[in-house]
Amino acid sequence: MSSKLERVLRVFSSSLFFSNAAQRTTSLRQLHFFGSAQQDQKFYLNVQDMDDIQEDITKGMQELKFEAMALSFPQEIIHEILLRLPVKSLIKCTSVCKAWRSMIINKRFTRAHLSQINNMNDRHLFLVHRVSGRESSTSGHRAIVSKVTEEVYSLHYDNQAFDEYAKIEFPIAPKQEVLNEHLRVVGTCDGLVCLADDMFCYCYNFFIWNPAIRKLVTLPGPAITFRTHGGYDASIGFGFDANTNDYKVVRVVTLQHEGVGPTLAEVYSLATGSWSSVFSVTPSCQLSRASQAFVNGALHWPALRRTDYGSNYFILTFEVGSKLFREIRVPKILIKYNYHLGLWLSISGDGKSIALFTMDNRCEDSFLEIWMMKEYGMEESWTKLITLGPQGPERLLPRASCFRKNGEALLILSGARVAFSMGSILSNQYTFYGHRAKSNHELVSLDLVSKTIKNLGISGEGYQYCNVDSYKESLVLSDQTDAVSY
């Protein structure tokens with residue numbers, strides 16, 4: 001047997017060692033031509049191995065009749081081997097033969113592979129989105145960048161070092177269609193990234209993007225627009241419907257009819273490629289491009305309800321499968337509306353509940369509080385974990401981001417005073433101890449047990465906008481007919 005072929009077989013069969021001992025012995029006996037089943041040496045797959053293997057396979061395909069050989073493997077063993085490969089390697093494997101391509105580009109395989117990834121802690125990543133520009137302003141505690149000079153998407157491992165996994169590029173063509181200076185990451189789910197063109201202007205461009213396999217779906221325009229309904233505030237949510245194995249984009253819109261009008265919703269289905277008919281939301285409330293958290297099959301947004309007796313905060317939820325809106329109370333001390341307070345939702349570190357970040361960024365009394373719902377759905381289980389003020393000699397302001405798998409909180413320390421005003425646009429005159437400061441962001445990890453902060457070495461100097469979301473690579477969209485490859 002040639003050394004090239006033997007090398008290919010050794011790497012593919014080595015992944016069988018991830019199975020239990022009985023499965024390993026049985027599988028290796030079936031691969032009798034590979035070598036002795038008693039050899040218990042482990043081989044680890046990496047991208048470089050797969051690049052070299054792909055080159056060997058391509059060059060020697062005719063001579064070795066690799067396709068015929070691949071088909072001689074028991075299909076259940078090939079299936080188990082492929083399930084253990086990373087996405088980049090699987091994409092290469094689709095070029096090996098038609099049988100493997102058919103096996104990989106398949107909805108059942110995609111779900112099975114995703115389940116495998118969920119059980120492997122070393123595959124969890126973070127998507128970091130940074131934008132810099134010559135001008136910026138703030139709205140609803142969010143930086144809005146104009147005259148953009150640089151926009152960077154990067155993936156980082158969720159490990160102690162927070163190593164960079166890869167830089168990723170958003171396709172150029174959709175960028176030419178958007179009206180805002182840059183897109184907003186609504187949320188991530190199963191390797192998909194939902195993007196919205198809603199940073200400032202009324203726009204109706206939405207995208208579902210899988211950067212791992214370089215595919216993009218552009219959503220059709222929604223039914224509720226400024227032209228059809230007049231002024232409005234809108235929030236977007238993105239999640240998975242386990243009942244139908246479908247990904248949904250949910251758009252919640254509060255109409256501005258002589259103040260705050262009725263709240264409406266519409267749902268986009270990736271499976272059908274269309275928006276649902278518009279339906280009413282109860283309770284009526286106000287959301288303004290709020291943060292979202294998808295937990296336990298439901299989307300969550302911080303919301304504000306206005307009544308004759310005042311305005312109150314609460315959490316609006318939408319069960320994606322049943323299409324039912326419900327509400328969860330925030331901690332009692334936070335219920336009453338505070339003009340200076342900003343609310344940000346996140347998923348807890350274990351992915352089973354929600355966390356609430358509250359921020360008051362007035363220069364003289366800035367703080368960030370982190371609350372956790374210890375038992376999901378149990379309002380009495382809200383617990384305040386920590387209160388933070390400006391950090392370090394530069395008095396950097398902590399801003400909410402998300403949680404890591406180890407329970408630590410990812411925060412963004414901002415070196416510029418970012419004022420907060422619900423639904424209004426503020427001037428780009430960041431002031432820092434009496435002089436103007438460049439916008440500067442540092443990504444840090446907060447240990448909620450030891451109360452210590454670790455700088456992750458992700459410098460955001462010169463970036464006015466920084467957003468972090470959890471991410472995992474997947475094959476979702478690989479068989480989507482309306483997805484465009486780039």
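Residues numbered from 1 in each chain as written. Predicted model: local features only at pLDDT ≥ 70, side-chain atom pairs only at ≥ 80, totals over all residues. Heavy atoms only, no water.

Some thoughts on the overall build of the chain
And step 1. Of regular secondary structure, the chain possesses 10 helices and 29 strands.
And step 2. In the chain, 56% of the contacts between residues at least 6 apart in sequence involve partners at least 24 apart.
And step 3. Accessible surface, the chain as shown: approximately 22200 Å² in total, 50% of it carbon and sulfur. (Helix = DSSP H or I, 4+ residues; strand = E, 2+ residues; numbered from the N terminus. Contact = heavy atoms within 4.5 Å. Areas by Shrake-Rupley, 256 points an atom, 1.4 Å probe, with all protein chains shown as cover.)

A look at the pattern of salt bridges
And step 1. Considering all chains together, one arrives at 12 salt bridges under this definition.
And step 2. Residues Arg184 and Asp198 are paired through a salt bridge, measuring 2.8 Å at the closest nitrogen-oxygen approach. Here Arg184 is found in strand β4 (residues 184–189), whereas its partner Asp198 is found in the loop between β5 (192–196) and β6 (206–210), with 14 residues between them in sequence. Asp198 shares its class with Arg184; the two are buried.
And step 3. Residue Arg305 pairs with Glu327 through a salt bridge whose shortest N-O separation is 3.0 Å. Taken together, the positions of Arg305 in strand β14 (residues 298–307) and Glu327 in strand β16 (residues 324–328) put the pair 22 residues apart, joining distant regions of the chain.
And step 4. The exposure class of Glu327 is partly exposed, given its relative accessible area of 36%.
And step 5. The structure contains a network of salt bridges with shared partners spanning Asp158, Arg404 and Glu408. (Salt bridge = Lys/Arg side-chain N within 4 Å of Asp/Glu carboxyl O. Buried < 20%, exposed > 50% of the residue type's maximum accessible area, 1.4 Å probe, protein only.)

Topic: the sheet that holds β6
And step 1. Strand order in the open sheet formed by five strands is β4-β5-β6-β7-β29, and the pairing between neighbours is antiparallel. The sheet is open, and its two edges are formed by β4 and β29 (484–485), each paired on a single side. (Pairing = 2+ DSSP bridges.)

Notes on the packing of aromatic side chains
Geometrically, a pair of aromatic rings is defined through the distance of the ring centres and the angle of the planes.
And step 1. The tally for this structure, following the rule as stated, stands at 16 aromatic pairs.
And step 2. When the ring of Phe240 is compared with that of Tyr247, the centres are 4.7 Å apart and the planes differ by 45 degrees; the resulting orientation is tilted. For the pair formed by Phe240 and Tyr247, the shared burial category is buried.
And step 3. Centroid distance Tyr313 to Tyr337: 5.7 Å. Interplanar angle 55 degrees. Geometry classified as tilted. Taken together, the residues span a long stretch of sequence, with Tyr313 in strand β15 (residues 310–319) and Tyr337 in the loop between β16 and β17 (341–347) at a distance of 24 residues. (Phe/Tyr/Trp six-rings, centres within 6.5 Å; stacked < 30°, edge-to-face > 60°.)

Notes on the pairing of strand β10 (residues 263–269)
Consecutive side chains of a regular strand alternate in pointing toward one face of the sheet and then the other.
And step 1. Where burial is concerned, most of β10 is hidden: seven out of the seven residues are buried.
And step 2. One ladder, built from seven bridges, connects strand β9 (residues 246–255) with β10; its direction is antiparallel. Each bridged residue has a counterpart across the sheet, and for Val252 the counterpart in β10 is Ala265.
And step 3. Bridge count for β10 against strand β11 (residues 274–275) is two bridges, and the pairing is antiparallel. Within β11, the position partnered with Tyr268 by the bridge is Trp275.

Re unusual backbone geometry
And step 1. Omega for the peptide link from Thr282 to Pro283 comes to 5 degrees, which places this bond in the cis form.
And step 2. Unlike most non-glycine residues, Lys323 shows phi in positive territory, near 60 degrees.
And step 3. Relative to the assigned elements, Lys323 resides in the loop between β15 and β16.
And step 4. One non-glycine residue, Lys451, lies in positive phi territory at about 65 degrees.

Things to note about the sheet that holds β14
And step 1. Read from one edge of the open sheet, four strands run β13-β14-β15-β16, paired in antiparallel fashion. Two strands close off the open sheet at either side, each with one partner strand: β13 (293–295) and β16. Between one strand and the next, the sheet's axes are offset by a mean angle of 40 degrees, whatever the strand orientation.
And step 2. Across three bridges, β13 lies against β14 in antiparallel orientation. When the bridges of β14 are listed, Phe294 appears paired with Leu299. (Axes fitted to C-alpha atoms, helices over the stretch in contact; angles between N-to-C directions.)

Re the environment of Asn205
And step 1. Here Asn205 shows up in the loop between β5 and β6.
And step 2. Since its relative accessible area comes to 22%, Asn205 is described here as partly exposed.
And step 3. C-alpha of Asn205 to C-alpha of Thr218: the two residues are 13 residues apart in sequence and 7.6 Å apart in space.
And step 4. Beyond its immediate sequence surroundings of up to four residues, Asn205 is in contact with Glu177, Val178, Leu179, Leu195, Ala196 and Asp197.

Concerning the confidence of the model for the chain
And step 1. Looking at the chain, pLDDT values average 80 and 74% of them are 70 or higher.
And step 2. Mean pLDDT in the chain bottoms out at strand β23 (residues 425–426), which sits at 25, and peaks at β11, which reaches 98.
And step 3. Across residues 13–45, confidence stays below pLDDT 50; counting only partners more than four residues off in sequence or on other chains, it has 44 contacts.
And step 4. The low-confidence segment residues 416–438 (pLDDT under 50) makes 58 contacts with residues lying over four places distant or belonging to another chain. (pLDDT = per-residue confidence, 0-100.)

Some words on the side chain of Asn180
And step 1. Among the structural elements, Asn180 can be located in the loop between α9 (172–175) and β4.
And step 2. Owing to a relative accessible area of 7%, Asn180 belongs among the buried residues under this scheme.
And step 3. Within the local environment of Asn180, its side chain forms a polar contact with the side chain of Asp197, the two groups lying 2.8 Å apart.
And step 4. With sequence-adjacent residues up to four places away left out, Asn180 is seen in contact with Asp197, Asp198, Met199, Phe200, Cys201 and Cys203. (Polar contact = N/O pair within 3.5 Å; in protein donor to acceptor, adjacent residues only side chain to side chain.)

Quick word on the pairing of strand β18 (residues 354–360)
And step 1. Of all seven residues in β18, seven are buried; the element is thus mostly enclosed.
And step 2. A two-sided burial pattern is seen for β18, the buried positions comprising Ile354, Leu356, Thr358 and Asp360 on one face and Ala355, Phe357 and Met359 on the other.
And step 3. Here β17 runs beside β18; their pairing, made up of seven bridges, is antiparallel. Note on β18: the bridge partner recorded for Gly342 is Met359.
And step 4. In the sheet, β18 pairs with strand β19 (residues 367–373) via six bridges, with the strands oriented antiparallel. Note that in β19 the partner of Met359 across the bridge is Leu368.

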